[in-house]
Amino acid sequence: MSPFSEQTRNYNNTKNNMAAATRLISRLTLVTGGGSGIGRAVCQRLAAEGASVVVADISEESAHETVAGLQNDLRGQAHTATAVDVSSKESVTQLLTTIQTRYFQPPSVCVHAAGITQDDFLLSMEEEQFDRVIKVNLKGSFLVTQAVAQALVACGAPKGSIVTLGSIVGKVGNLGQANYAASKAGVEGLTRTAAKELSRFGIRCNCVLPGFISTPMTDKVPEKVISKMKSLVPLGRMGEPAEVAEVCAFLASDDSRYITGTSIEVTGGLFMG
Ligand code: NAD
């Protein structure tokens, strides 16, 4: 490569980073599940791009820890930590009320990352294990998407972006995860339907499908299973939360203004095609 093209590449990289650093300035963003893993990385990325972040999690303590580590928003507006149980309509409604009371507007970006696993083989899975995972992962996605969309439509906001977290497992299934796979397949269908219904209000809805990402959720997976999974990933490793967060930030921003109703796999090539 010539020194000139090297210079041009560096210039373009700097320009792109500068553009990324400011593309969410003055955007109020809500991140559920923001107290850990992918949700925390999303909070860090959105804050680094200039957004005000409301970090919501069932663990208020971890939401506060996330906020303590965030860069200040470029207008000096504070980030907020708040408790929410995404599986409860009352709690989600209260969350939106709290946000609007504090910021006088609904969030124009929502990344819904709250989720759980309760793994067991189909032959032995208890009804409660199935119900709980569906309630948090699928019903939670419905409640959060609906509440954010209702608030945006009610105030006549010109645009919004809602990003849900599905999983590659929702497409291909996984041993011991009948409940989780069903919930995540549902999240994709819900998101596509929301995209169709909400596009006339300027609200875009997209789903991110991570593969195997190193977070407290996958820390529970036995080492033997992790190394087997890694051997199946064409890029040869597990993903980092920041690598999912970058895609969420793209979908949140106007850089993806002509994208809605889609799912983006962040899997290192796992199960491609
Ligand atoms: P994580 O366990 O590190 O974080 C999940 C967060 O959600 C936690 O902070 C938890 O307290 C919060 N939470 C759980 N139940 C909640 C509730 N009822 N209300 C509000 N908050 C609640 O997990 P993660 O790996 O960061 O996963 C984030 C999202 O990405 C999840 O939806 C998960 O299903 C999805 N995902 C993760 C992977 C992976 O490999 N880690 C792969 C595919 C999809």
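Rules used in this analysis
- Residues numbered from 1 in each chain as written.
- Predicted model: local features only at pLDDT ≥ 70, side-chain atom pairs only at ≥ 80, totals over all residues.
- Heavy atoms only, no water.
- Disulfide = S-S within 2.5 Å.
- Buried < 20%, exposed > 50% of the residue type's maximum accessible area, 1.4 Å probe, protein only.
- Near = heavy atom within 4 Å.
- Polar contact = N/O pair within 3.5 Å; in protein donor to acceptor, adjacent residues only side chain to side chain.
- Areas by Shrake-Rupley, 256 points an atom, 1.4 Å probe, with all protein chains shown as cover.
- Helix = DSSP H or I, 4+ residues; strand = E, 2+ residues; numbered from the N terminus.
- Pairing = 2+ DSSP bridges.
- Axes fitted to C-alpha atoms, helices over the stretch in contact; angles between N-to-C directions.
- Left-handed = near helix turned anticlockwise from the far one by under 90°.
- Contact = heavy atoms within 4.5 Å.
- Nonpolar A, V, L, I, M, F, W, Y, C, P; charged D, E, K, R; others polar.
- Parallel < 35°, antiparallel > 145°, perpendicular 65-115°, else oblique.

Visitor: What's the story with the state of the cysteines in this structure? I'm lost.
Guide: Chemically, a disulfide is nothing more than a covalent bond linking the sulfur atoms of two cysteines. If you walk through the whole model with that rule in mind, you get zero disulfides. The closest cysteine sulfur to the non-disulfide-bonded Cys-43 is located on Cys-248, 10 Å from its own sulfur. Relative accessible area serves as the criterion here: at 0%, Cys-43 is assigned to the buried category. In this model Cys-205 remains outside any disulfide bridge; the closest cysteine sulfur is found in Cys-110, 9.5 Å from its own. On the accessibility criterion, Cys-205 (1% relative accessible area) is buried.

Visitor: Is there a simple way to think about the site of the ligand in this case?
Guide: Near the ligand, the surroundings consist of 28 residues, among which Ser-36, Ile-38, Asp-57, Tyr-180 and Thr-215 are the closest. Here a nitrogen atom of the ligand and a backbone polar atom of Ile-58 are 3.2 Å apart. At 2.5 Å, a side-chain N or O of Thr-215 approaches an oxygen atom of the ligand. For the ligand, the accessible surface in isolation is 830 Å², of which the surrounding protein chains cover 92%.

Visitor: Looking at this structure, how should I read the environment of Tyr-258?
Guide: When you line up the elements, Tyr-258 lands in the loop between α10 (241-252) and β7 (263-266). Measuring from C-alpha to C-alpha, the distance between Tyr-258 and Arg-204 comes to 8.7 Å, with 54 residues separating the pair along the chain.

Visitor: So what exactly am I meant to see when it comes to the pairing of strand β2 (residues 52-57) here?
Guide: Consecutive side chains of a regular strand alternate in pointing toward one face of the sheet and then the other. For β2, a buried count of six out of six residues is recorded, marking the element as mostly surrounded by other parts of the structure. Residues Ser-52, Val-54 and Ala-56 line one face of β2 and the alternating positions Val-53, Val-55 and Asp-57 line the opposite face, and both faces are buried. Pairing of strand β1 (residues 28-32) with β2 involves five bridges; the strand directions are parallel. The partner of Thr-32 across the bridge, within β2, is Ala-56. Pairing of β2 with strand β3 (residues 80-83), which is carried by four bridges, proceeds in the parallel orientation. In the strand pairing of β3, Asp-57 is matched with Ala-83.

Visitor: Would you mind showing me how to read the packing of helix α4 (residues 89-103) against helix α5 (residues 127-154) here?
Guide: How two helices sit against one another is set out by the angle between their axes and by the gap between those axes. Axis separation between α4 and α5 bottoms out at 10 Å; the angle between their running directions is 35°. Considering how the two elements wind past one another, α4 and α5 form a crossing that is right-handed. Taking contact as the criterion, the partners of Lys-89, Val-92, Leu-96 and Gln-100 in α4 are, on α5, Leu-143, Val-144, Gln-146, Ala-147, Val-148 and Ala-151. Residue composition of the contact of α4 with α5, by class: seven nonpolar, two polar and one charged.

Visitor: Whenever I open this one, the environment of Ser-91 confuses me. Can you help?
Guide: Among the structural elements, Ser-91 can be located in helix α4. For Ser-91 and Ile-58, which are 33 residues apart along the polypeptide, the C-alpha to C-alpha distance reads 10.0 Å. Excluding residues within four positions of it along the chain, Ser-91 makes contact with Val-84 and Asp-85.

Visitor: Before we go on, may I ask you to explain the pairing of strand β6 (residues 203-210) in this structure?
Guide: Burial within β6 is extensive, with eight of its eight residues counted as buried. By the bridge criterion, six bridges tie strand β5 (residues 160-165) to β6 in an arrangement that is parallel. Across the sheet, residue Leu-165 finds its bridge partner in β6, namely Val-208. Here β6 runs beside β7; their pairing, made up of four bridges, is parallel. Bridge pairing in β7 links Leu-209 to Glu-265.

Visitor: Before we go on, may I ask you to explain unusual backbone geometry in this structure?
Guide: The bulk of non-glycine residues show a negative phi, and the bulk of peptide bonds are trans. With a phi close to 65°, Ser-26 is a non-glycine residue in the positive phi region. Topologically, Ser-26 is positioned in the loop between α1 (3-22) and β1. Residue Ser-26 is classed as partly exposed on the basis of its relative accessible area, which comes to 41%. At Phe-271, a position not held by glycine, the phi torsion is positive, near 60°.

Visitor: I tried to follow the side chain of Thr-191 on my own but got confused; where do I start?
Guide: Tracing the backbone through its elements, the reader meets Thr-191 in helix α7 (residues 178-198). Relative accessible area serves as the criterion here: at 3%, Thr-191 is assigned to the buried category.

Visitor: Would you mind going over the packing of α5 against α7 with me for this structure?
Guide: At their nearest, the axes of α5 and α7 sit 8 Å apart, and the two run at 15° to each other. When the axes of α5 and α7 are compared, the pair comes out roughly parallel. The crossing of α5 and α7 is right-handed. On α7, the residues touching Gln-129, Phe-130, Val-133, Ile-134, Asn-137, Leu-138, Ser-141, Phe-142, Thr-145 and Ala-149 of α5 are Ala-178, Asn-179, Tyr-180, Ala-182, Ser-183, Lys-184, Gly-186, Val-187, Leu-190, Ala-194 and Leu-198.

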